[in-house]
Amino acid sequence: MSYPEPRYLGEEGEINAVFRPADQEPELVRPGGNATHYLATHASTGGEFGLYKVDLGPKSPGPSTHFHKSISESFFVLSGQVQLYDGDRWITGGPGDFLYVPVGGLHAFKNDSDDPASMIMLFSPGAPREEYFEQVAEMAQKGGKEFGEFLVKHDSFFVDR
């Protein structure tokens, strides 16, 4: 295995780093103590990856079992306990635990506990997940064909498990 082909062809480097302070407010806040912090988006990484901090309130259901056809998804638990489904079984993830889900891998997550939890989610390559996060609840309420099209647009394929 070797390094990928160079994508930056300059000789001097660039000043192009992006800093996000820890105390920045989350971009998306939902009832029940849920919040999503957009740490590095598809837009800010040029599509390389998407990185999000997700705060789950107590008893947060999370998405049901699904898979993605074009992106992998990884979870790193920061605090609390998060139930992670690896396609075969539910695993209780605590601080420092990590789950990688390759493209096509079945997965889900939730917070069954009475305490809040927090985790990092990484999508690779980056996809414009922000629209999905911001509209999924509203679109789910609409249901029907429009919701189905929304899910396909956002590479989210749910299955009964």
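Scroll up to find the structure this text is about.
Residues numbered from 1 in each chain as written. Predicted model: local features only at pLDDT ≥ 70, side-chain atom pairs only at ≥ 80, totals over all residues. Heavy atoms only, no water.

A.B. asks: I'm lost on the overall build of the protein chain in this one. Help?
C.D. replies: Secondary structure summary: the protein chain contains two helices and 11 strands in total. Reading the protein chain from its N terminus to its C terminus gives the helix and strand order β-β-β-β-β-β-β-β-β-β-α-α-β. For 161 residues, the compact-globule estimate of 2.2 N^0.38 gives 15 Å, and the protein chain sits close to it at 17 Å. Seen through its C-alpha atoms, the protein chain measures out along the principal axes to roughly 50 × 35 × 35 Å. The burial tally for the protein chain puts 41% of its 161 residues in the buried class. Per element, the accessible surface of the protein chain, about 9900 Å² overall, is 55% carbon and sulfur. Computing the positive centroid from 13 side-chain charges and the negative centroid from 24, the protein chain places the two 8 Å apart. (Helix = DSSP H or I, 4+ residues; strand = E, 2+ residues; numbered from the N terminus. Rg over C-alpha atoms; globule rule 2.2 N^0.38 Å. Buried < 20%, exposed > 50% of the residue type's maximum accessible area, 1.4 Å probe, protein only. Areas by Shrake-Rupley, 256 points an atom, 1.4 Å probe, with all protein chains shown as cover. Lys, Arg positive; Asp, Glu negative; His and termini not counted. Charge placed at Lys NZ, Arg CZ, Asp CG, Glu CD.)

A.B. asks: Looking at this structure, I do not really get the pairing of strand β8 (residues 98-101). What am I missing?
C.D. replies: Residues in a regular strand point their side chains to alternate faces of the sheet. Burial of β8 is one-sided: the residues Leu 99 and Val 101 facing one way are buried, the residues Phe 98 and Tyr 100 facing the other way are not. As defined by bridge partners, strand β5 (residues 72-79) adjoins β8 across four bridges and the pair is classed as antiparallel. Note on β8: the bridge partner recorded for Glu 73 is Val 101. (Pairing = 2+ DSSP bridges.)

A.B. asks: Just checking my understanding: could you explain the nonpolar core for this structure?
C.D. replies: Side chains that are nonpolar tend, in soluble globular proteins, to be buried together. In this structure, Phe 75, Val 82, Phe 109, Met 119, Met 121 and Phe 133 are the most contacted members of the largest nonpolar core, which totals 25 residues. Counting residues per element, the ones that place at least two in this core are β3 (50-56), β5, β6 (82-85), β8, β10 (117-124), α1 (129-142) and α2 (144-153). Not counting residues up to four positions away in its chain, the partners in contact with Met 119 are Tyr 52, Lys 53, Val 54, Leu 56, Phe 75, Phe 76, Val 77, Leu 78, Val 82 and Phe 109. (Core = buried A, V, L, I, M, F, W, Y, C linked by side-chain atoms within 4.5 Å. Contact = heavy atoms within 4.5 Å.)

A.B. asks: Before we go on, may I ask you to explain the sheet that holds β3 in this structure?
C.D. replies: Strand pairing in a sheet relies on backbone hydrogen bonds. The paired strands run either parallel or antiparallel. Spatially, the six strands line up as an open sheet ordered β1-β2-β3-β10-β5-β8, and their pairing is antiparallel. A strand with exactly one partner marks an edge of an open sheet, and here the two such strands are β1 (28-30) and β8. Averaged over all adjacent pairs, the angle separating strand axes in this sheet is 15°, with direction ignored. Pairing of β3 with β10 involves seven bridges; the strand directions are antiparallel. Paired with Lys 53 across the two strands is Ile 120, which belongs to β10. The strands that α1 touches are β1, β2 (34-40), β3 and β10; relative to β1, the one it contacts most, it runs at about 20°. (Axes fitted to C-alpha atoms, helices over the stretch in contact; angles between N-to-C directions.)

A.B. asks: Explain unusual backbone geometry here, please?
C.D. replies: The bulk of non-glycine residues show a negative phi, and the bulk of peptide bonds are trans. The omega angle of the peptide bond from Ser 124 to Pro 125 is -5°, so this bond is cis rather than trans. Note that Pro 125 resides in the loop between β10 and α1. A positive phi angle, near 55°, is found at Lys 59, a position not held by glycine. In this structure, Lys 59 sits in the loop between β3 and β4 (66-67). A residue is classified by how much of its surface remains accessible, and Lys 59, at 51% relative accessible area, is exposed. Positive phi, close to 50°, is recorded for Asp 155, a residue that is not glycine.

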